[in-house]
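# Tertiary structure, described
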Amino acid sequence: MLNRIRYKLAQFMQGRYGVDNLSRFLFGLLLVYLVVTMFLPFRFSSVISGILLVLLYYRTFSRNIPKRYEENQKFLRLRDRFTSRFRNFRSDWAQRREFHIYNCPNCRQRIRIPKGKGRIMVRCPRCGHEFEKRS
Ligand SMILES: [Zn+2]
């Protein structure tokens, strides 16, 4: 019986997109939203959770696989940018006793300079741009 259901489900999902990172993220968002609104004294509109749910179903059962794949790639790029920024912020914090961290004014490359060396010329390792900084 259970196998039959599983088989039917597999058949139904044939050619459909299924669950990806973006779906999991949306699902997490939905859960968080539901939990948070549970503790609010006033009732938020259920429109937001409704939209999230529809989006989840729509993406999971979609037959337009390349489009959904592209959406997921976009989401992953965005997520990576966010997490790497957060990681940079954490390492800056750990290093800020011994180093200054500057961005190259020309190409935005991050450059680490040891503290306590007075005024120095900094040469960007990426684009070769030189600028003066107090260390
Ligand atoms: Zn540069």
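Everything that follows concerns the structure shown earlier in this document.
The sections below set out a description of the structure shown in this document. Bear in mind that the values here come from a model prediction, so they are computed numbers and not experimental data.

The pairing of strand β3 (residues 119-123) with strand β4 (residues 130-134) spans five bridges and is antiparallel. Note on β4: the bridge partner recorded for Val-122 is Phe-131. Where β3 hands over to β4, the hairpin turn is made up of six residues, of which Gly-128 adopts a positive phi near 80°.

Moving on, we get to the coordination of the zinc ion. The protein atoms donating to the zinc ion are Cys-104 (SG), Cys-107 (SG), Cys-124 (SG) and Cys-127 (SG), with metal-donor distances spanning 2.2 to 2.3 Å. Linear spacing of the donor residues for the zinc ion on their chain is C-x2-C-x16-C-x2-C.

Glancing now at helix α1 (residues 2-13). Compared with an ideal rise of 1.5 Å per residue, which puts 12 residues at 16 Å, α1 spans 16 Å between its outermost C-alpha atoms and is within 8% of the ideal. For α1, the tally of buried residues reaches only zero of 12 residues, placing the bulk of the element at the surface. Looking one or two places after α1, you find Gly-15, whose phi comes out positive at around 80°.

Opposite charge on two side chains lets them pair, provided their charged atoms get close. All told, the structure shown has seven salt bridges when counted by the stated rule. We note a salt bridge from Glu-70 to Arg-77, for which the minimum N-O separation is 3.7 Å. Across the pair Arg-119 and Glu-132 runs a salt bridge, and its minimum N-O distance is 3.4 Å. Placement of Arg-119 in strand β3 and of Glu-132 in strand β4 is noted, with a sequence separation of 13 residues between them.

Moving on, we come to the packing of aromatic side chains. In this description, a pair of aromatic rings is defined by centroid distance and the angle of the planes. By the definition in use, this model includes three aromatic pairs. Relative to Phe-75, the ring of Phe-25 lies with its centre 5.0 Å away and its plane at 40°, an arrangement referred to as tilted. Separated by 50 residues along the polypeptide, Phe-25 in helix α2 (residues 21-38) and Phe-75 in helix α4 (residues 65-95) bring together distant segments of the chain. A residue is classified by how much of its surface remains accessible, and Phe-75, at 13% relative accessible area, is buried. A network of ring pairs unites the aromatic residues Phe-12, Tyr-57 and Phe-61 as a single cluster. The ring centre of Phe-12 lies 4.1 Å from the NZ or CZ of Arg-16, which sits over that ring.

For the rest of this paragraph, the subject is the nonpolar core. Generally speaking, nonpolar side chains in soluble globular proteins are found buried as a group. The biggest cluster of nonpolar side chains holds eight residues, and these are Tyr-102, Cys-104, Cys-107, Ile-111, Ile-113, Val-122, Cys-124 and Phe-131. Contacts of Val-122, omitting those with residues within four sequence positions, involve Ile-111, Ile-113, His-129, Glu-130, Phe-131 and Lys-133.

Calculation notes
Residues numbered from 1 in each chain as written. Predicted model: local features only at pLDDT ≥ 70, side-chain atom pairs only at ≥ 80, totals over all residues. Heavy atoms only, no water. Pairing = 2+ DSSP bridges. Helix = DSSP H or I, 4+ residues; strand = E, 2+ residues; numbered from the N terminus. Donors = N, O, S within 2.8 Å, 3.2 Å for Na, K, Ca; no water. Expected span 1.5 Å × (residues − 1). Buried < 20%, exposed > 50% of the residue type's maximum accessible area, 1.4 Å probe, protein only. Salt bridge = Lys/Arg side-chain N within 4 Å of Asp/Glu carboxyl O. Phe/Tyr/Trp six-rings, centres within 6.5 Å; stacked < 30°, edge-to-face > 60°. Lys NZ or Arg CZ within 6 Å of the ring centre and 35° of its normal. Core = buried A, V, L, I, M, F, W, Y, C linked by side-chain atoms within 4.5 Å. Contact = heavy atoms within 4.5 Å.

Keep in mind these values describe shape, not function.
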